[in-house]
Amino acid sequence: MITRRSTLGLAAAIGLGRTATAQEAWPSRPVTLVVPWAAGGSTDAVARILAQRLSQDSGKSFVVDNRSGANGTIGFGSVARARPDGTTLLVSTVSTYAMAPWLYQLPYDNERDLVGIGLLAAMPIIMVVNKDFPARTLAEFVELARRPGHRITYANSGAGSSTHLATELFLQEARLDIPDIGYRGGGPAVQGVIANETPMVFQAASGILPQIQGGTLRALGIASRERSPLAPEIPTFAEQGFPGVVVEEHIALQGPAGLPPDIIRRANDLARAAMTAPDTRLRLAALAVLPRVTSPDDWPAYFAAENAKWRDMIRARNIRVQ
């Protein structure tokens, strides 16, 4: 006889079998990883490393598609409009999913139209000064910047960028008033500090570690919760009395809203394996990038906290992007 219990057990087994089959089936077609930035940058490099490893591990094709413009929002919008079938995913950055919503009128709803698969990596952000600048520590820099009539400025690599907002967060925490000098990108901003056009800049480690190690720039603090294995000699801001200055250029994997949970889990599992593989770690370290893989369950709380943090800071500092 077929009892109710055996019927329920059979139904459950069928359900599990369907889930397993769905997970094994993805990806059944080529997958596009949209990068909302131009080719050649750090996020693009991480995406290409990820795509190569995902293709190798899954046996299916993962390709990078650079859709740049409007501080990353063009690429985000294209994924927000994509079909939620797992063939289009987004390699995103905190500057666009947690900062841009409070600076721009977006053509999509950042929370409603996209779903988080998890973090992939983190790029530490470091505050540096020109090698001849008189302050040799963060405390000395703050003391100089608080003097009446100081002429200190900072290099701004792009209004609304993560490094710009990291600088403003530090100025808020330190109660400093320092004007900025605008540059067209991180590279020109760093060169401006090396040339002593302006003494200070916040920049991702990937863009300044060689100059720090070569002595052309002096690091005063790293904006991560703990010292970075990439540069363990650089103290954190928290160690130096500014625990609120915590900013990392997080890179995440997202997809269009409606992406089935089984695909989200499968994508997260594959991404975790890809980003933590020994050869991937070596390639990322060469870019001054650290693997930082989280689960889909961690995303909602993380996303909410980052958005609240940057919303409050942007409003408090009255930051506007024209």
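Basis of the calculations
Residues numbered from 1 in each chain as written. Predicted model: local features only at pLDDT ≥ 70, side-chain atom pairs only at ≥ 80, totals over all residues. Heavy atoms only, no water. Phe/Tyr/Trp six-rings, centres within 6.5 Å; stacked < 30°, edge-to-face > 60°. Helix = DSSP H or I, 4+ residues; strand = E, 2+ residues; numbered from the N terminus. Buried < 20%, exposed > 50% of the residue type's maximum accessible area, 1.4 Å probe, protein only. Polar contact = N/O pair within 3.5 Å; in protein donor to acceptor, adjacent residues only side chain to side chain. Contact = heavy atoms within 4.5 Å. Core = buried A, V, L, I, M, F, W, Y, C linked by side-chain atoms within 4.5 Å. Salt bridge = Lys/Arg side-chain N within 4 Å of Asp/Glu carboxyl O. Pairing = 2+ DSSP bridges. Right-handed = clockwise from strand over helix to strand, strands pointing away. Axes fitted to C-alpha atoms, helices over the stretch in contact; angles between N-to-C directions. Parallel < 35°, antiparallel > 145°, perpendicular 65-115°, else oblique. Nonpolar A, V, L, I, M, F, W, Y, C, P; charged D, E, K, R; others polar.

Q: In this structure, what is going on with the packing of aromatic side chains? I would like to understand it.
A: Any two aromatic rings considered together are summarised by their centre-to-centre distance and by the angle between their planes. Under the criterion given, the structure shown has 12 aromatic pairs. Aromatic pair Phe 170 and Phe 202: ring centres 5.8 Å apart, planes at 35°, arrangement tilted. Taken together, the residues span a long stretch of sequence, with Phe 170 in helix 6 (residues 162–174) and Phe 202 in strand 7 (residues 200–204) at a distance of 32 residues. Across the pair, exposure class does not vary: Phe 170 and Phe 202 are buried alike.

Q: What exactly am I supposed to notice about the side chain of Arg 53 here?
A: Position of Arg 53 relative to the elements: it lies in helix 2 (residues 42–58). In this structure Arg 53 comes out as buried when scored by relative accessible area, which is 18%. Separated by 2.8 Å, the side chains of Arg 53 and Asp 279 make a polar contact. Sequence-distant contacts of Arg 53, that is, excluding residues within four places in its chain, are made with Ala 274, Ala 277, Asp 279 and Thr 280.

Q: Help me understand the environment of Gly 207, please; the structure alone is not making it clear to me.
A: For Gly 207, the position within the fold is in helix 8 (residues 205–214). On the accessibility criterion, Gly 207 (33% relative accessible area) is partly exposed.

Q: Explain the nonpolar core here, please?
A: Within soluble globular proteins, side chains that are nonpolar generally end up buried alongside one another. Ranked by internal contacts, the top residues of the largest apolar core, which has 49 residues, are Tyr 97, Met 127, Phe 141, Phe 170, Leu 176, Phe 237 and Trp 310. At the level of elements, helix 3 (73–80), helix 4 (94–99), strand 4 (114–130), helix 5 (138–145), helix 6, strand 7 and helix 11 (299–317) are the ones that each hand at least two residues to this core. Filtering out sequence-adjacent residues up to four positions away, Phe 237 remains in contact with Met 127, Leu 138, Phe 170, Phe 202, Gly 221, Ile 222, Ala 223, Phe 242, Pro 243 and Val 245.

Q: Explain the pattern of salt bridges to me, please; I cannot follow it from the model alone.
A: When their charged atoms lie close together, side chains carrying opposite charge are able to pair. Within the structure shown, the criterion is met by 13 salt bridges. Between Arg 292 and Glu 248 there is a salt bridge whose closest N-O contact spans 3.1 Å. With Arg 292 in the loop between strand 10 (290–291) and helix 11 and Glu 248 in strand 9 (residues 248–256), the pair connects residues that are 44 residues apart, well separated along the chain. The exposure class of Glu 248 is buried, given its relative accessible area of 11%. Connected via shared salt-bridge partners are Arg 53, Asp 57 and Asp 279.

Q: Honestly, the pairing of strand 2 (residues 62–66) in this entry has me stumped. Any pointers?
A: Residues in a regular strand point their side chains to alternate faces of the sheet. As paired elements, strand 1 (residues 31–35) and strand 2 share 5 bridges and run parallel to each other. Looking at strand 2, one finds that Val 31 is bridged to Phe 62. Traced from strand 1 through helix 2 to strand 2, the parallel crossover comes out right-handed.

Q: I tried to follow the packing of helix 9 (residues 261–276) against helix 10 (residues 278–286) on my own but got confused; where do I start?
A: The relative placement of two packed helices comes down to the angle between their axes together with the axis-to-axis distance. The N-to-C vectors of helix 9 and helix 10 enclose an angle of 65°; their axes lie 5 Å apart at closest approach. In this view, helix 9 runs roughly perpendicular relative to helix 10, as classed from their interaxial angle. Along its contact with helix 9, which presents Ala 274, Met 275 and Thr 276, the element helix 10 presents Pro 278, Thr 280, Arg 281 and Leu 284. Here the residues of the contact of helix 9 with helix 10 are counted per class, giving 4 nonpolar, 2 polar and 1 charged.

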